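Observations on the model geometry
What follows is the residue order along each chain.
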Amino acid sequence: QVHVVESGGGLVQAGGSLRLSCAASGGTLSSYAMGWFRQAPGKEREFVAAITRSGGSTYYADSVKGRFTISRDNAKNTVYLQMNSLKPEDTAVYYCAVGGAASTVVAGRGYWGQGTQVTVSS
């Protein structure tokens with residue numbers, strides 16, 4: 001199965017932006033739907049965004065719609081999450097998710113990388 005590694009997390013002030021990357025190895029990224037989840041301290045892991053294998057369709061949690069954008073570059077075996085207008089409540093560990101279909105990813109039935117920390121200060 002494909003192995004994914006997240007990067008791009010860090011500390012940013014509220015209102016700022018970050019772009020997360022998820023690089024895949026050991027497989028062809030275009031064979032998988034991809035997504036992002038996040039988990040804040042003391043909370044359950046929650047869905048953030050997903051994208052189909054071709055990139056033709058995207059899905060977002062209501063809490064990030066209009067602020068976050070998921071995209072993919074299959075030639076580079078990489079998926080991105082552009083995060084704008086960040087809020088303190090976006091603070092979490094962000095995980096790249098892999099699944100056979102977007103519905104699998106959205107439902108949390110795929111698998112995840114190790115995560116990258118995003119901290120938004122007020």
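Residues numbered from 1 in each chain as written. Predicted model: local features only at pLDDT ≥ 70, side-chain atom pairs only at ≥ 80, totals over all residues. Heavy atoms only, no water.

What to know about the sheet that holds strand β7 (residues 68–73)
Rules: What makes two strands pair is DSSP finding at least two bridges between them. In DSSP terms, a helix is any run of H or I states spanning at least four residues, a strand is any run of E spanning at least two, and both are numbered starting from the N terminus. Helix axes use the C-alpha atoms of the stretch in contact, all axes being lines fitted to C-alpha atoms, and the angles between their N-to-C directions lie in the range 0 to 180 degrees.
A sheet is described by the order of its strands in space; here four strands give the open sequence β1-β3-β8-β7, paired in antiparallel fashion. Bordering the open sheet on either side are β1 (3–7) and β7, each of which pairs with just one other strand. The sheet shows a mean angle of 15° between the axes of neighbouring strands, taken without regard to direction. Relative to strand β8 (residues 78–83), strand β3 (residues 18–25) is paired through six bridges, and the arrangement is antiparallel. Bridging across to β8, Leu 20 finds its partner in Leu 81.

Section: unusual backbone geometry
As a reminder of what qualifies: Each residue is assigned to one of three classes by its accessible area relative to the maximum for its type, calculated with a 1.4 Å probe on protein chains only: buried under 20%, partly exposed between the two thresholds, exposed over 50%.
Positive phi, close to 55°, is recorded for Asn 77, a residue that is not glycine. You can see Asn 77 is positioned in the loop between β7 and β8. Given a relative accessible area of 18%, Asn 77 falls into the buried group. In this structure, Ser 85 takes a positive phi of about 50° despite not being glycine. Within the fold, Ser 85 resides in the loop between β8 and β9 (92–99). The partly exposed category is assigned to Ser 85, whose relative accessible area is 41%.

So, the environment of Ser 122
Inclusion rule: Contact criterion: two residues are considered in contact whenever any of their non-hydrogen atoms come within 4.5 Å of each other.
Relative to the helices and strands, Ser 122 resides in the segment after β11 (116–121). Through-space distance from the C-alpha of Ser 122 to that of Glu 89 is 9.6 Å; in sequence the pair is 33 residues apart. When neighbours within four sequence positions are excluded, Ser 122 is seen to be in contact with Ala 14 and Pro 88.

Re the pairing of β3
Of the strand pairs in this sheet, β1 and β3 are connected by five bridges, and their pairing is antiparallel. The partner of Ser 7 across the bridge, within β3, is Ser 21.

Some points on the pattern of salt bridges
Where charged atoms from two side chains of opposite charge approach closely, those side chains can pair. The condition is simple: By definition here, a salt bridge exists when the distance from a side-chain nitrogen of Lys or Arg to a carboxyl oxygen of Asp or Glu is within 4 Å.
If you walk through the whole model with that rule in mind, you get four salt bridges. For Glu 46, the salt bridge goes to Arg 38, with nearest N and O atoms at 2.6 Å. For Arg 38, a relative accessible area of 6% gives the class buried. A salt bridge links Arg 67 to Asp 90; the nearest nitrogen and oxygen atoms lie 2.7 Å apart. Within this pair, whereas Arg 67 is found in the loop between β6 (58–60) and β7, its partner Asp 90 is found in the loop between β8 and β9, the two being separated by 23 residues in sequence. Three or more residues joined by partner-sharing salt bridges are found here, namely Arg 38, Glu 46, Arg 67 and Asp 90.

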